[in-house]
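# Inside the fold
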Amino acid sequence: ITDTIANEEALVESEARLRLAIEVADMAVWEVKLDTLEVTGSPQLNALCGFPADAHPSFAELQSRYAPREFERVQRLGEEAQARGESHIQTVIHQIWPDQTEKWLLLRAETAPQRGGVGQRVIGVLIDVTEQQRAQRRVELIAREMRHRVKNVLSVANVLARKTFASADRSSLTRFSERLAALAVATDMLGGD
């Protein structure tokens, strides 16, 4: 009896730690039975997907939160993983809620047999990465703008060089133009375009 009570207390403590870790990480654990599309969610899942805490959204209602073509992309990733013999996927999904709120969630999911061994289920977590995605998009926008402006400056410098070196020998103009071209290539490489 003492061992049973100690095991039960350890289980309660372990579950409390897990709940706290999930809350602190701003994540939700979920499960979908593939044969019935029955969703096992949580208040955290509801919050991450824009539903009231006490709601029980269906698979279709959760799917409706995806941005256009996102669900098909995630399905394709799952099919590609399955074709490679893998049972897990990881990707960032983009959601657009009915009120136009945009969210980005890191999806990590694994296909596994259902309890009892009959049928398949997908178990996963969603982690809110909205702020990271917004910051990344801002950085990409600034980088594109900077590349554009640097290229404009290099173009102006090239025009000025042609006018300046017009009376000089062609080799000086060629060397200078090659240096400007190398700068333009380096600028492109920085941005990854």
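One can find the structure itself at the top, above this paragraph.
These lines cover the structure that appears in this document, whether it is placed above or below. The residue numbers shown here count from 1 along each chain, following its written sequence. Only residues with pLDDT of at least 70 are given local features in this predicted model, and only at 80 or more are side-chain atom pairs given and counted; all residues enter the totals for whole chains, interfaces and linings. Based on all heavy atoms of the structure, the side-chain values leave hydrogens and waters out of the count.

## Thoughts on the overall build of the protein
Under the convention used in this document: By the criteria applied, helices consist of DSSP H or I runs no shorter than four residues and strands consist of E runs no shorter than two, each listed in order from the N terminus. Taken over C-alpha atoms, the radius of gyration is set against a globule rule of 2.2 Å times the number of residues to the power 0.38. Using a 1.4 Å probe on the protein chains alone, a residue whose accessible area is under 20% of its type maximum counts as buried, one over 50% counts as exposed, and one in between counts as partly exposed.
Tallying secondary structure elements over the protein gives 6 helices and 5 strands in all. When the elements of the protein are put in sequence order from the N terminus, they spell out α-β-β-α-α-α-β-β-β-α-α. Since a compact globule built from 193 residues should have a radius of gyration of about 16 Å, the 27 Å found for the protein marks it as more spread out than a globular shape. Considered along the principal axes of its C-alpha atoms, the protein spans approximately 100 × 40 × 35 Å. Here the protein holds 193 residues, and 28% of them are scored as buried.

## Some thoughts on the nonpolar core
Formally: Within this scheme, the nonpolar core is defined by two criteria: the residues are buried Ala, Val, Leu, Ile, Met, Phe, Trp, Tyr or Cys, and they are joined through side-chain atoms within 4.5 Å. Contacts are residue-level and defined by heavy atoms, with any inter-residue pair within 4.5 Å sufficient.
Counting residues in each nonpolar core, the largest one holds 20 residues, and the members touching the most others are W30, L45, C49, I93, L107 and L126. When contributions to this core are tallied by element, the ones reaching two or more residues are strand 1 (27-33), helix 2 (43-49), helix 4 (70-83), strand 3 (88-96), strand 4 (102-113) and strand 5 (120-128). Discounting residues that sit within four places of it in the chain, L107 has contacts with W30, V74, I89, Q90, T91, I93, V125 and L126. Ranked by size, the runner-up nonpolar core spans 6 residues in total, among them M27, W104, L106 and I127.

## What to know about the environment of S177
Secondary-structure assignment places S177 in helix 6 (residues 170-191). What makes S177 buried here is its relative accessible area of 18%.

## Observations concerning the pattern of salt bridges
Condition: One speaks of a salt bridge when a side-chain nitrogen belonging to Lys or Arg is within 4 Å of a carboxyl oxygen belonging to Asp or Glu.
Under the definition given, this model contains 7 salt bridges. Close ionic contact of K33 with E38 constitutes a salt bridge, the shortest N to O distance being 3.7 Å. R84 serves as the salt-bridge partner of E86, at 3.0 Å between the closest nitrogen and oxygen. Note on E86: relative accessible area 32%, which makes it partly exposed.

## So, helix 5 (residues 130-164)
Three or four residues apart is the spacing at which side chains of an α-helix point the same way, because the helix has 3.6 residues per turn. Convention followed: A helix is expected to span 1.5 Å for every residue after the first.
In this model, helix 5 (35 residues) spans 51 Å end to end at C-alpha, consistent with the 51 Å of a helix rising 1.5 Å per residue. All of the buried residues in helix 5 are T130, Q133, R147, L154 and A161.

## Remarks on the sheet that holds strand 2 (residues 39-40)
Basically, it comes down to this: Strand pairing is defined by DSSP finding a minimum of two bridges between the two strands.
A sheet is described by the order of its strands in space; here 5 strands give the open sequence 2-1-5-4-3, paired in antiparallel fashion. Whereas interior strands pair on both sides, the edge strands pair on one side only; in this sheet they are strand 2 and strand 3. The sheet contact formed by strand 1 and strand 5 spans 7 bridges and is antiparallel. The residue of strand 5 that forms the bridge with A28 is L126.

## What about the pairing of strand 3?
By the bridge criterion, 9 bridges tie strand 3 to strand 4 in an arrangement that is antiparallel. Paired with H88 across the strands is E110, a residue of strand 4. Following strand 3, the chain reverses through 5 residues before pairing antiparallel with strand 4; Q100 in that reversal takes a positive phi of roughly 75 degrees.

## Some words on helix 4
Applicable threshold: When we speak of the arc, we mean the arc of directions from the helix axis to the C-beta atoms.
The terminal C-alpha atoms of helix 4, which comprises 14 residues, lie 20 Å apart, in line with the 20 Å expected from a rise of 1.5 Å per residue. Taken together, the buried positions of helix 4 are E70, F71, V74 and A81. Relative to the axis of helix 4, the buried residues are bounded by an arc of 105 degrees and lie together on one face. Facing away from the buried side of helix 4 by more than 90 degrees, the exposed set consists of E79 and A83. Each element contacted by the buried residues of helix 4 is listed here: helix 3 (59-63), strand 3 and strand 4. Just beyond helix 4, the residue with positive phi is G85, at close to 85 degrees.

Coordinates in, geometry out; function isn't part of it.
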